[in-house]
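Descriptive analysis of the structure
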Amino acid sequence: MPKDGGIGASTKRREDIRFLKGLGQYTDDIALQKQCHAVFARSNVAHGKIKSIDTSKAEAMPGVLAIFTGEDFIEVGGNPAGWYIESRDGTPMREPKRPVLAHGKVRHVGDAYAAVIAETYQQARDAAEAIEADIEELPAIVNMRNAVANADNRVHDEIDDNLCYDWGWVEENRAAVDEAIKNAPHVTTLELVNNRLVPNAMEPRCSIGDYNPGTEDYNLFTTSQNPHLTRLLVSAFVMGIPENKLTVVAPDVGGGFGSKIYHYGEEALVLAAAKKLARPVRWTADRSEAFLTDAHGRDHVTKIELATEKDGTFIAVRTETLANVGAYLSNFATVTPTFLHGTLMAGNYKVPNVYVNVKAVFTNTVPVDAYRGAGRPEATYSLERVIDKCARELKIDPVDIRRKNYIQPDQFPYTTPVGLEYDIGDYDATMDKVLKLSDRAGFEARAAESAKNGKLRGFGINSYIEACGIAPSNLVGVLGARVGLYDASTVRVNPTGNLSVMVGAHSHGQGHETAFAQVVADMIGIDAETIDIVHGDTSKIPFGMGTYGSRSLAVCGSAMVRATEKIINKAKKIAAHMLEASDTDIELKDGKFSVVGTDKSVAWGDVALKAYVPHSFPVEDLEPGLEETAFYDPANFTYPAGAYACEVEVDPETGKVTIDRFSAADDFGNIINPMIVDGQVHGGIGQGVGQALLEGAIYDDDGQLLSASYMDYAMPRADDLPMYSVDHSDGTPCTHNPLGVKGCGEAGAIGSPPSVVNAVIDALQRGGKDVTHIDMPLTPSRVWQAMQN
């Protein structure tokens, strides 16, 4: 049994107490002295030439302090992509500048071309509405195929078409894959859409810029998942502020799901305005702005081909994908459809030949970037849908065809044809679990009961694997990453024995303040309540790479373990000095240092105090103090994997889909806090079900976002979701990090969409409907129409 508060204990999240009491501090809660307000004037057309911007009326309005336009930022750098991708013909990707404020052209509805700073929010809003912009509307580029085909109408005039890159992976596989598919006994082909999603974090984005003219120091309070990256981008690329003069603070953040990893122009604007006015400047998005400016997710159109033997043995996979990057390159936009997507196209399977082609396309839409899962959901959905279709064509049970092709436990480490090396796993075990959890054996009886009630019941199954803890730096550097992907932690033992643990990861719903403390408490043998986890403030924490990609515990947690090990080793030397023994004879257990084989011991708190009152230290051996820092750069990705099952009822009269049961069996390696992991899986499944059945960002031909509010964008509600059956016990521990953890934050959003769609197709086919695919979201109208056709 796990120790109370230690590794493996379902400890309640300590941070929840302040949130439940309304005592959290979000960026919008921060009120600085003499703070003023920013409001942006945004384009209401998707594509247009800015002929003039008249701010004279706005400047004369009450309370207006300053107005900025793109002219004020011509000499300022652009917001860069964090990953360089090369096209398969060797040409570099196209990387047009992303300005702080639009200049020359607007490129999507919501593109900001001016900003008003005023004493109050309402004054700033009134003045922004008074700005007169003469924008000559141009034809909008919305459809990706049209964007590729028509180079005369371009989102960015400085490049010669609308293609960011044309990427192939692995290019050396291409001929072999083509030949294998050409000669295969059976080929299943599926064309599908991975629908565009709006992240819809509970807290809209907010930024406050502050400037001290006396010291020339800048402070940026912002809703960020990655404060050090924001600081680096603003200082080195966008504003040219010396990095040591800029502090970025991300306080409590109300959800991110990827959309708050990136640097946005609003952050640079409030800093520039704060310097000009020598006053703090705040901007808080409303929900309409969030729909039009937060980076969207997904938006792939894919053709996938699966070649097999007649018995279902996989021979080859080939995919062609159009990936929408929107109007500008967001920071991770280039890597999400490539190395976070293409490298997972072998899935959990022994497929010998894989080739992936991705064309990234500029359109007059909101920029697209990583959203919970980031490339992995897109890969899993394509692969698991075509496998299900293949199983039906070959009349093989969907479970059996997967089992037939699974990588087996004795084959690890396993190198895939798309360049990854899976270190460990047991895919049959997770399939066994999910079949038991879902009671597949009782499905036929439930289907018969549904039929009596005039409903169609279906059962959908799928497997998934994801690459998490993006790493190692030397590998991703070769693949185009422009930053290192390590993380860092500093562990400080205070003289009274309690600890401050500074981490490069950022917590915005993951439970770091609880789980990280559990790890350190378990290592030392002290109460987790004596450990404070510090994050989000670049002036306090070591340089880390933030929270995304299910990396926090696997990467930053490993750095924390290494720093704590250094602390323990030094503390043992201090204890040895106090006990007049060799440090090799000292053991630490339950917060007490003992000499092995004796009853001599000294408490943790006494050693901590001694570190800061070193009256009799051997000077040549020990420095005063007890504080250590460690950086951790992983040796490999981690590979969470699992199997999901969904059971649905479909009303043939209306097309409405009701999820009756949902089961998830995940292999996350070692588990630090099972309750937190349950919550992560539940939340991910909710978002995956939302994508499968409800959500979709829809643009018309003029580039207007038709689903730009909750009146038109359907978010999942409690009554859309069933009670989940989840099991993440007895996983296979990761072989290359000290905790044996793999990551759990995105799995639910990766594994759930294909299981839902597979279940609906199963229900329709069982009901005699010749339907092989419906694109997400499977709304009642789409399902009903498919049944009629």
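Whatever comes next refers back to the structure up there.
Presented here is an overview of the structure given in this document. All values derive from a computational prediction rather than experimental measurement.

A count of helices and strands for the protein chain gives 19 helices and 28 strands. Compactness check: the protein chain gives a C-alpha radius of gyration of 27 Å against a globular reference of 28 Å for 789 residues, within 12% of the reference. Its C-alpha atoms give the protein chain principal-axis dimensions of roughly 85 × 75 × 55 Å. Here the protein chain holds 789 residues, and the buried ones make up 61% of them. A gap of 2 Å separates the mean positions of the 74 positive and 107 negative side-chain charges of the protein chain.

As a further point, take unusual backbone geometry. Both trends apply: most residues other than glycine have a negative phi, and most peptide bonds are in trans. Residue Trp169 is joined to Val170 through a cis peptide bond whose omega torsion reads -10 degrees. Topologically, Val170 is positioned in the loop between strand 7 (163–169) and helix 5 (174–183). Residue Pro777 is reached from Met776 by a cis peptide bond, and omega for that bond is -5 degrees. Of note, the phi angle at Asn200 is positive, near 55 degrees, even though the residue is not glycine. Mapped onto the elements, Asn200 comes out in the loop between strand 8 (186–194) and strand 9 (206–212).

Let's shift gears to the pattern of salt bridges. Under the criterion given, the structure shown has 48 salt bridges. A salt bridge links Arg18 to Glu513; the shortest N-O distance between them is 2.9 Å. Here Arg18, found in helix 1 (residues 16–20), pairs with Glu513, found in helix 14 (residues 512–524); they are 495 residues apart in sequence, far enough to count as distant. Judged by relative accessible area, Arg18 falls into the partly exposed class, the value being 23%. For Glu513, a relative accessible area of 11% gives the class buried. Close ionic contact of Arg766 with Glu444 constitutes a salt bridge, the shortest N to O distance being 3.2 Å. A residue pair is termed long-range when its members are at least 10 positions apart, and Arg766 in helix 18 (residues 747–766) and Glu444 in helix 12 (residues 443–452) qualify at 322 residues. A relative accessible area of 48% places Glu444 in the partly exposed class. Here the residues in one salt-bridge network are Glu384, Asp388, Arg392, Arg402, Glu444, Asp762 and Arg766, joined through shared partners.

On to the sheet that holds strand 23 (residues 592–595), then. Across the sheet, which stays open at both edges, the three strands sit in the order 22-23-24 with antiparallel pairing between neighbours. Each edge of the open sheet carries a strand with a single partner, namely strand 22 (586–589) and strand 24 (601–603). Each strand axis lies, on average, 20 degrees off the axis of its neighbour in the sheet, ignoring direction. Bridge count between strand 23 and strand 24: three bridges; the pairing is antiparallel. Bridge assignment links Lys592 to a residue of strand 24, and that residue is Ala603. Helix 15 (residues 552–579) rests against strand 22, strand 23 and strand 24 of the sheet, and its axis sits at about 120 degrees to strand 22.

Here we come to the nonpolar core. Ranked by size, the top nonpolar core spans 125 residues in total, and within it Tyr422, Val648, Val650 and Leu764 carry the most contacts. Among the elements that take part in this core, helix 18 stands out by supplying nine residues, more than any other. In contact with Val650, other than residues within four places in its own chain, are Lys455, Leu456, Gly655, Lys656, Val657, Val760, Ala763, Leu764 and Val783. With 49 residues, the next largest nonpolar core counts Ala515, Val519, Ala571 and Val607 among its residues.

For the structure shown, the criterion picks out 25 aromatic pairs. Ring centres of Phe593 and Trp604 lie 5.9 Å apart, and the angle between their planes is 20 degrees; on these two criteria the pair is classed as stacked. Here Phe593, found in strand 23, pairs with Trp604, found in helix 16 (residues 604–612); they are 11 residues apart in sequence, far enough to count as distant. There is no split in this pair, since Phe593 and Trp604 are both buried. Here a set of aromatic residues connected by ring pairs shows up, and it is made of Phe314, Tyr349, Tyr406, Phe412 and Tyr427. The positively charged end of Arg205 is found above the aromatic ring belonging to Tyr264, 3.6 Å away from the centroid. The ring of Phe68 has Lys276 sitting right over it, with the charged end atom 5.1 Å from the ring centre.

Quick look at the pairing of strand 26 (residues 641–650) now. Of all 10 residues in strand 26, 10 are buried, a share of seventy percent or more. Pairing between strand 18 (residues 456–465) and strand 26: 10 bridges, direction antiparallel. Of the residues in strand 26, the one forming a bridge with Gly460 is Cys646. Here strand 26 runs beside strand 27 (residues 657–667); their pairing, made up of 10 bridges, is antiparallel. Among the inter-strand pairings, Val650 is bridged to a residue of strand 27, identified as Val657.

Across the sheet, which stays open at both edges, the four strands sit in the order 21-20-19-25 with mixed pairing between neighbours. Looking at the sheet topology across the chains shown, the edges are occupied by strand 21 (531–534) and strand 25 (627–632). Taken over all neighbouring pairs, the strand axes of this sheet differ in orientation by 15 degrees on average, direction set aside. Examined bridge by bridge, strand 19 (residues 487–493) and strand 25 share six bridges and lie antiparallel to one another. Across the sheet, Thr490 pairs through a bridge with Thr629, a residue of strand 25. Against the sheet, helix 15 touches strand 19, strand 20 (499–503) and strand 25, its axis set at about 145 degrees to strand 25.

For the rest of this paragraph, the subject is helix 5. For helix 5, every residue scored as buried is listed here: Val177, Ala180 and Ile181. Angularly, the buried residues of helix 5 cover 95 degrees about the axis, an arc narrow enough to put them on a single face. Set apart from the buried face of helix 5 by more than 90 degrees, the exposed residues are Ala175 and Lys182. Residues of helix 5 that are buried sit in contact with strand 8, strand 13 (300–308), strand 14 (314–326) and strand 15 (353–362).

Moving on: the packing of helix 9 (residues 376–394) against helix 10 (residues 398–405). Between helix 9 and helix 10, the shortest axis-to-axis distance is 9 Å and the interhelical angle comes to 115 degrees. With respect to their mutual orientation, helix 9 and helix 10 come out roughly perpendicular. Relative to helix 10, helix 9 is oriented so that their crossing is right-handed. Taking contact as the criterion, the partners of Glu384, Ile387, Asp388, Cys390 and Ala391 in helix 9 are, on helix 10, Pro398, Ile401 and Arg402. The class makeup of the residues in the contact of helix 9 with helix 10 is five nonpolar, no polar and three charged.

The rules we used
Residues numbered from 1 in each chain as written. Predicted model: local features only at pLDDT ≥ 70, side-chain atom pairs only at ≥ 80, totals over all residues. Heavy atoms only, no water. Helix = DSSP H or I, 4+ residues; strand = E, 2+ residues; numbered from the N terminus. Rg over C-alpha atoms; globule rule 2.2 N^0.38 Å. Buried < 20%, exposed > 50% of the residue type's maximum accessible area, 1.4 Å probe, protein only. Lys, Arg positive; Asp, Glu negative; His and termini not counted. Charge placed at Lys NZ, Arg CZ, Asp CG, Glu CD. Salt bridge = Lys/Arg side-chain N within 4 Å of Asp/Glu carboxyl O. Pairing = 2+ DSSP bridges. Axes fitted to C-alpha atoms, helices over the stretch in contact; angles between N-to-C directions. Contact = heavy atoms within 4.5 Å. Core = buried A, V, L, I, M, F, W, Y, C linked by side-chain atoms within 4.5 Å. Phe/Tyr/Trp six-rings, centres within 6.5 Å; stacked < 30°, edge-to-face > 60°. Lys NZ or Arg CZ within 6 Å of the ring centre and 35° of its normal. Arc of directions from axis to C-beta. Parallel < 35°, antiparallel > 145°, perpendicular 65-115°, else oblique. Left-handed = near helix turned anticlockwise from the far one by under 90°. Nonpolar A, V, L, I, M, F, W, Y, C, P; charged D, E, K, R; others polar.

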